[in-house]
Amino acid sequence: MVMAIKRTLGSGYRWLDVGMQMFRGLFTSAHSYMIFFVTARCNARCEFCFYWEEIESAASRRELKLEEIDKITKKLKHLLYLSIGGGEPFLRKDLADIVSLFYRNCKTRIVNITTNGLQPARTEALVERMLEENPNLFLKVGISLDALGDKHDEMRKVPGTFAKVRETHDRLRDLRERQRFFGINIATTFSKFNEDEIDQVIDYVDSELDVNDHTMTFIRGDAKDRSALDASLAKYKWAVDYLEAKHRPQSPMFRILHNVLRMMFRINIETLEQDKMIVPCVAGSKMVTLDDQGQIKPCEMLEHIQETDRFGLGNVRDYDYDIPFLMRSAKACGVRKWIHDTECHCTFECANMANVVFNYRTWPKVVVDYFRKPKMEAPQQPVSQSALHQITYVD
């Protein structure tokens with residue numbers, strides 16, 4: 001009885017702490033969402049990856065050290081949501097320390113980490129450390145899965161990747177049994193390479209894995225093999241509907257996040273169809289991107305698509321690791337004005353998710369979707385429709 005009361009009180013305090021940080025993140029003008037590429041090193045060689053040039057030059061890059069990240073977090077002071085990517089984040093042995101710095105110094109309470117799943121034992125150990133050292137942290141780990149069996153190995157250019165993904169899932173599933181504030185996500189990239197087998201991936205995740213959510217991103221950026229970009233919009237729309245029919249999270253927290261993702265999917269589809277801004281972009285204001293060398297950008301896509309470095313805002317090493325100060329510079333103000341004036345738009349899922357969260361007009365729809373009865377029937381297969389994906393900006 002006493003233990004049950006302690007668990008209840010502890011859970012209540014966790015939700016109160018997370019709720020307070022969410023309120024602060026949503027209703028202040030400070031940066032609330034950061035995408036942090038902690039390393040460009042990677043143990044896979046996906047030819048549909050937009051980050052391939054950085055990965056291939058990883059050995060020569062000046063990766064931020066832990067003590068530098070400590071300085072960044074102390075001057076940032078508050079950050080609600082941290083999304084960690086790479087490269088492969090779990091190649092950094094100090095990844096758990098990085099998460100703890102943001103948790104302690106910035107009161108970051110929501111962290112998402114994407115992994116290719118190639119290091120099951122290390123991933124389990126580091127995730128367990130993160131959860132033990134940061135008791136009020138809501139942590140999500142997204143495991144990449146783009147096809148089944150040998151096809152997934154071929155897409156990732158590493159034999160045995162599919163088996164490692166399954167092992168990583170199994171280890172994290174067992175860990176989740178002991179950690180209520182931990183969720184497992186499957187992250188699928190939709191491209192020309194897998195568009196005709198995407199239903200098999202969705203079915204496999206639904207029937208064979210035990211995950212909190214399954215997300216699907218539309219291929220973007222400057223892929224090494226540009227044929228991957230020639231994906232069918234019609235098939236993507238069908239896949240989004242099929243995924244919705246197959247998967248609906250049960251956890252209240254994940255249902256909220258899932259509904260934000262649903263709206264993001266719709267925004268992406270409308271952006272591809274209409275080639276215009278659907279929801280105002282918060283990149284460079286509420287959302288900011290930090291790369292492994294300390295470069296600050298409004299988002300990860302502008303430089304890839306525009307093929308110019310004029311959207312880089314500066315390096316934290318040149319601003320005494322003070323991101324708020326850097327973001328008040330004339331360059332940063334000018335880029336934010338450009339984004340606003342040109343109605344900059346793209347299909348970058350993280351940016352459009354932030355656009356939903358930090359735009360009050362979208363909230364009623366998210367709430368309605370939370371109580372909406374899910375579809376029970378899968379949609380009809382689409383006719384083939386090839387639409388070369390290209391993010392468009394107004395000059």
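Rules and cut-offs
- Residues numbered from 1 in each chain as written.
- Predicted model: local features only at pLDDT ≥ 70, side-chain atom pairs only at ≥ 80, totals over all residues.
- Heavy atoms only, no water.
- Helix = DSSP H or I, 4+ residues; strand = E, 2+ residues; numbered from the N terminus.
- Contact = heavy atoms within 4.5 Å.
- Areas by Shrake-Rupley, 256 points an atom, 1.4 Å probe, with all protein chains shown as cover.
- Pairing = 2+ DSSP bridges.
- 1 Å grid on protein atoms, 1.4 Å probe; cavity = no way out; pocket = protein on both sides within 12 Å on 5 of 7 lines; lining within 4 Å.
- Points joined across faces, edges and corners; volume = space filled by probe spheres on them.
- Nonpolar A, V, L, I, M, F, W, Y, C, P; charged D, E, K, R; others polar.
- Salt bridge = Lys/Arg side-chain N within 4 Å of Asp/Glu carboxyl O.
- Buried < 20%, exposed > 50% of the residue type's maximum accessible area, 1.4 Å probe, protein only.
- Phe/Tyr/Trp six-rings, centres within 6.5 Å; stacked < 30°, edge-to-face > 60°.
- Lys NZ or Arg CZ within 6 Å of the ring centre and 35° of its normal.
- Disulfide = S-S within 2.5 Å.
- Right-handed = clockwise from strand over helix to strand, strands pointing away.
- Axes fitted to C-alpha atoms, helices over the stretch in contact; angles between N-to-C directions.
- Parallel < 35°, antiparallel > 145°, perpendicular 65-115°, else oblique.
- Left-handed = near helix turned anticlockwise from the far one by under 90°.

### Focus: the overall build of the protein chain
Scanning the protein chain from terminus to terminus reveals 15 helices and 9 strands. In the protein chain, of all internal contacts separated by at least 6 residues, the share reaching a separation of at least 24 is 80%. In the form shown here, the protein chain has an accessible surface area of approximately 17,200 Å², with 54% of it arising from carbon and sulfur atoms.

### As for the sheet that holds strand β9 (residues 314-315)
Judged by pairing direction, the sheet is mixed, and its 9 strands sit side by side in the order β6-β5-β4-β3-β2-β1-β7-β8-β9 without closing on themselves. Two strands close off the open sheet at either side, each with one partner strand: β6 (213-218) and β9. Pairing of strand β2 (residues 81-85) with strand β3 (residues 110-115) involves 4 bridges; the strand directions are parallel. Paired with Tyr 81 across the two strands is Ile 110, which belongs to β3.

### Section: the layout of surface pockets
Each pocket or cavity is described by its volume, and for the largest pocket that value is around 1,100 Å³. Around the largest pocket, the lining is made up of 50 residues, and of these Thr 114, Ser 144, Ala 187, Thr 189 and Arg 220 lie nearest the centre. A per-class count over the lining of the largest pocket returns 25 nonpolar, 14 polar and 11 charged.

### Let's talk about the pattern of salt bridges
It is possible for side chains bearing opposite charge to pair when their charged atoms get close. In the structure shown here, the tally under the stated rule is 29 salt bridges. Arg 173 serves as the salt-bridge partner of Asp 170, at 3.5 Å between the closest nitrogen and oxygen. Here Arg 173 and Asp 170 lie together in helix α7 (residues 161-176), a separation of 3 residues that amounts to about one turn. Of the charged contacts in the structure, one is a salt bridge between Lys 246 and Asp 203, with a shortest N-O distance of 3.4 Å. Here the residue Lys 246 occupies a position in helix α9 (residues 233-246), and Asp 203 occupies one in helix α8 (residues 198-208), the gap between them amounting to 43 residues. Overall, Lys 246 belongs to the partly exposed group, its relative accessible area being 33%. Put simply, Arg 41, Glu 63, Arg 92 and Asp 94 are held in one network by salt bridges that share partners.

### Considerations on the packing of aromatic side chains
With the rule as written, the count across this model stands at 14 aromatic pairs. By way of ring pairs, the aromatic residues Phe 37, Phe 50 and Tyr 51 are connected into one cluster. A cation over an aromatic ring shows up here: Arg 109 above the ring of Tyr 103, its NZ or CZ 4.0 Å from the ring centre.

### What about the pairing of strand β1 (residues 33-37)?
A large share of β1 lies buried, amounting to 5 of its 5 residues. Taking every second residue as pointing to the same face, both faces of β1 are buried, with Tyr 33, Ile 35 and Phe 37 on one and Met 34 and Phe 36 on the other. Where β1 meets β2, 5 bridges bridge the pair, whose relative direction is parallel. Counterpart to Phe 37 in the pairing with β2 is Gly 85.

### Some remarks on the state of the cysteines
The tally for this structure, following the rule as stated, stands at 0 disulfides. Of the cysteine sulfurs around Cys 344, a residue in no disulfide, the closest is that of Cys 281, at 5.9 Å. By relative accessible area, Cys 344 is classed as buried at 7%. Looking at Cys 346, it has no disulfide partner, and the nearest cysteine sulfur is the one in Cys 299, 5.8 Å off. With a relative accessible area of 11%, Cys 346 lands in the buried category.

### Examining the pairing of β6
In terms of burial, β6 is largely enclosed, as 5 of its 6 residues are buried. Relative to β6, strand β5 (residues 182-190) runs parallel, the two being bridged by 6 bridges. In the strand pairing of β6, Phe 190 is matched with Phe 218. Crossover handedness for the path β5 to α8 to β6: right-handed.

### Observations concerning the packing of α8 against α9
Interhelical geometry of α8 versus α9 gives an angle of 15 degrees and a closest axis separation of 10 Å. As judged from the angle between their axes, α8 and α9 are roughly parallel. Considering how the two elements wind past one another, α8 and α9 form a crossing that is right-handed. Contacts between α8 and α9 involve Ile 198, Asp 199, Ile 202, Asp 203 and Asp 206 from the first element and Trp 238, Ala 239, Tyr 242, Leu 243 and Lys 246 from the second. Considered class by class, the residues forming the contact of α8 with α9 number 6 nonpolar, no polar and 4 charged.

### Description of empty space enclosed by the protein
Counted according to the given criterion, the structure contains 2 cavities of 30 Å³ or more. Surrounding the largest cavity, 18 residues form its lining, Cys 281, Cys 344, His 345, Cys 346 and Asn 355 being those nearest its centre. Of all elements in the fold, only α10 (252-274) and α14 (349-357) reach the threshold of two or more residues within the lining of the largest cavity. Sort the elements by how many residues they give to the lining of the largest cavity and α14 lands first, with 3 residues. Along the lines of polarity and charge, the residues of the lining of the largest cavity split into 14 nonpolar, 4 polar and no charged.

Without other data, these values stay purely geometric and don't point to any function.
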